[in-house]
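# Observations on chain architecture
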Amino acid sequence: MKRCLLSIWALIWVSTAFALEYPGTNNRPILSEEEASRYTIENYLSGWEPEEIEIPDQPHYVVSEGQSIQAVVNEAIQSGSSAFRTYIKIEPGHYMETVYIKGDVPLTIYGDPDRPEDVHIMAILSAQTSVADYQITVNEDGVNYQEGDPAWELYKSCAIKEEAIGIECSAVFWVQSNDFQLQGVTIHNGATEAQALAIKTSGDKIHLMNNNFMSIQDTVGLGIDEGENEKAERVLIHMCYIEGELDYVIGGASAVFNMVTFNTVASVEKEQYVIFMPDTAPGRTYGFLVINSNITGDASYLQSNEIRLARSWDKGVTSPLDYVAGESPNGQLVIRDSNIENVINGTAPYTIAGASKRPFSTDIKPDRDLDDNTHNRLWEYNNRGIGA
Ligand SMILES: *[C@@H]1O[C@H](CO)[C@@H](O)[C@H](O)[C@H]1NC(C)=O
Ligand SMILES: *[C@@H]1O[C@H](CO)[C@@H](O)[C@H](O)[C@H]1NC(C)=O
């Protein structure tokens, strides 16, 4: 008994002994307590205090299996008001469709808060999907998106593209609306050949709670529309499950991931495996905050040490020489107070930037400037677990 206790203590000691301390290494920088003190939920959400998502006794609308969520969303936006919240309940079932939300009516869409897997919203669309296939998949016979609908502009912006639709138009669930709440649903993009967003948001004060988001590449995209980096795009992702394999959490929003599970799953052979790829605007101090969360992988990734925590997405920059500090996007991310399973490449958890291929670089000088855009802005603090 005593021996057994001793070895348990030895195990705990071993697993914490590996966690790096401030200032970390040139491959894996770690914040000091003082440096970390500015990376709080409050600072990332800068003045927005998300209210609890309420589930009303009587929602304004109910969608049942066989009906179109998009049709109900359109009606809710057309007959709703920006002055009060409109509630849409989705009954358990499979919904093969895309859902585009654009308008100034604050919407709450919810399934079963305790069983998000029961409401399954799915489409199969990737960045490489041709415009012709896109039109058939999301708008067969012109039924789901019609001129005059609140979502028409979003659909049209994709339907007029040439050849492939691109990342921006691959989303199953597309929110271009502020004060949006989503709870208790699963959103799934089944495409495997290229980037395929399950959810894409480009609004402010977006609250996602208790949902599952599943895809392979670019599962969750927060604040990824062109030229919108200057406006507020605050997002809270609370108690969600996010699954993917490459760059599966992306975007330029200020987003807090609190109590979220990030699960890397093996699907198709890729050259590398990366979880976060923020493209934060250089002047935006707060990009992604991962806190009280769990970074893990499926059986084929546990013990592999192949996964990178993050890389910057230097969106629009085509070579390392074209990266301009202070002008180009420079992903900002802090992972803190979280559990990291034995899946991460501990010697080099960050890798070359997306788009520009700029090598990862950091600063471990004592007086470092955490906002310095000549380096990466990817940091960790107080993580635990074998991968920490
Ligand atoms: C993290 O997720 C893994 C895999 O589901 C699980 O075994 C582990 O207990 C989780 N850890 C924490 C701290 O939630
Ligand atoms: C970890 O990263 C280093 C540096 O890029 C690389 O040489 C090594 O092969 C990686 N380890 C694994 C298990 O992928």
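Described below are features of the structure shown in this document. Every value quoted in this text rests on a predicted model; they were computed, and no experiment measured them.

## Some points on the overall build of the chain
Across its full length, the chain holds six helices and 25 strands. By the compact-globule yardstick of 21 Å for 388 residues, the chain fits well, its C-alpha radius of gyration being 21 Å. For the chain, the spread of C-alpha atoms along the three principal axes comes to 65 × 60 × 40 Å. Residues classed as buried in the chain amount to 48% of the 388 residues present. For the chain, contacts bridging at least 24 residues in sequence account for 77% of all contacts bridging at least 6.

## Quick look at the site of ligand 1
Taken together, Asn294, Thr296, Asn339 and Glu341 make up all the residues around ligand 1. Its residues placed into classes, the shell around ligand 1 shows no nonpolar, three polar and one charged.

## Describing unusual backbone geometry
For the bond from Tyr22 to Pro23, the omega torsion is 0°, close enough to zero to count as cis. With respect to the helices, strands and loops of the structure, Pro23 is situated in the loop between α1 (2-17) and α2 (33-36). Positioned with a positive phi, Asn210 is a non-glycine residue whose angle comes to about 60°. Assignment of secondary structure puts Asn210 in the loop between β11 (206-209) and β12 (212-214). Residue class for Asn210 comes out buried when judged on the 21 C-beta atoms lying within 10 Å of it. Unlike most non-glycine residues, Asp247 shows phi in positive territory, near 45°. For Asp247, the location among the structural elements is in strand β16 (residues 246-251). On the basis of neighbour counts, which here come to 26 C-beta atoms within 10 Å, the residue Asp247 falls in the buried class.

## A look at the environment of Asp247
Measuring from C-alpha to C-alpha, the distance between Asp247 and Pro278 comes to 8.9 Å, with 31 residues separating the pair along the chain. The contact partners of Asp247, leaving out residues within four places of it in the chain, are Gln217, Asp218, Val274, Met277 and Gly354.

## Some points on the sheet that holds strand β9 (residues 186-189)
Across the sheet, which stays open at both edges, the eight strands sit in the order β3-β6-β9-β12-β15-β18-β21-β24 with parallel pairing between neighbours. Among the strands making up the open sheet, the edge pair consists of β3 (93-96) and β24 (339-340). Relative to β12, β9 runs parallel, the two being bridged by three bridges. When the sheet's bridge partners are listed, His188 is paired in β12 with Met214.

## Describing the sheet that holds strand β10 (residues 199-201)
With parallel pairing, seven strands are arranged side by side in an open sheet as β4-β7-β10-β13-β16-β19-β22. Strand pairing shows two members of the sheet lacking a second neighbour, β4 (99-102) and β22 (307-310), which therefore form its edges. Put simply, the sheet's adjacent strands are angled 10° from each other on average, direction ignored. Looking at chain direction, strand β19 (residues 273-278) and β22 are connected through three bridges and run parallel. In the sheet register, Phe276 faces β22, and the bridge partner there is Ala310.

## What to know about helix α6 (residues 152-159)
Taken together, the buried positions of α6 are Leu154, Tyr155 and Cys158. Projection of α6 onto a plane perpendicular to its axis shows the buried side chains occupying an angular sector of 95°, all on one side. Contacts from the buried residues of α6 go to β4, α5 (131-139) and β7 (173-176).

## Structural notes on the pairing of strand β20 (residues 288-291)
Here β20 shows two buried faces, one formed by Phe288 and Val290 and the other by Leu289 and Ile291. Two strands pair when backbone bridges link them, and strand β17 (residues 254-258) and β20 are joined in this way by four bridges, in the parallel orientation. Within the sheet, the bridge partner assigned to Phe257 lies in β20 and is Val290. The pairing of β20 with strand β23 (residues 332-336) spans four bridges and is parallel. The residue bridging Val290 from the neighbouring strand is Ile335, located in β23.

The rules behind these values
Residues numbered from 1 in each chain as written. Chains lettered and ligands numbered in written order. Predicted model: local features only at pLDDT ≥ 70, side-chain atom pairs only at ≥ 80, totals over all residues. Helix = DSSP H or I, 4+ residues; strand = E, 2+ residues; numbered from the N terminus. Rg over C-alpha atoms; globule rule 2.2 N^0.38 Å. Buried ≥ 20, exposed ≤ 12 C-beta atoms within 10 Å, placed from the backbone. Contact = placed C-beta atoms within 7 Å. Near = placed C-beta within 6 Å. Nonpolar A, V, L, I, M, F, W, Y, C, P; charged D, E, K, R; others polar. Pairing = 2+ DSSP bridges. Axes fitted to C-alpha atoms, helices over the stretch in contact; angles between N-to-C directions. Arc of directions from axis to C-beta.

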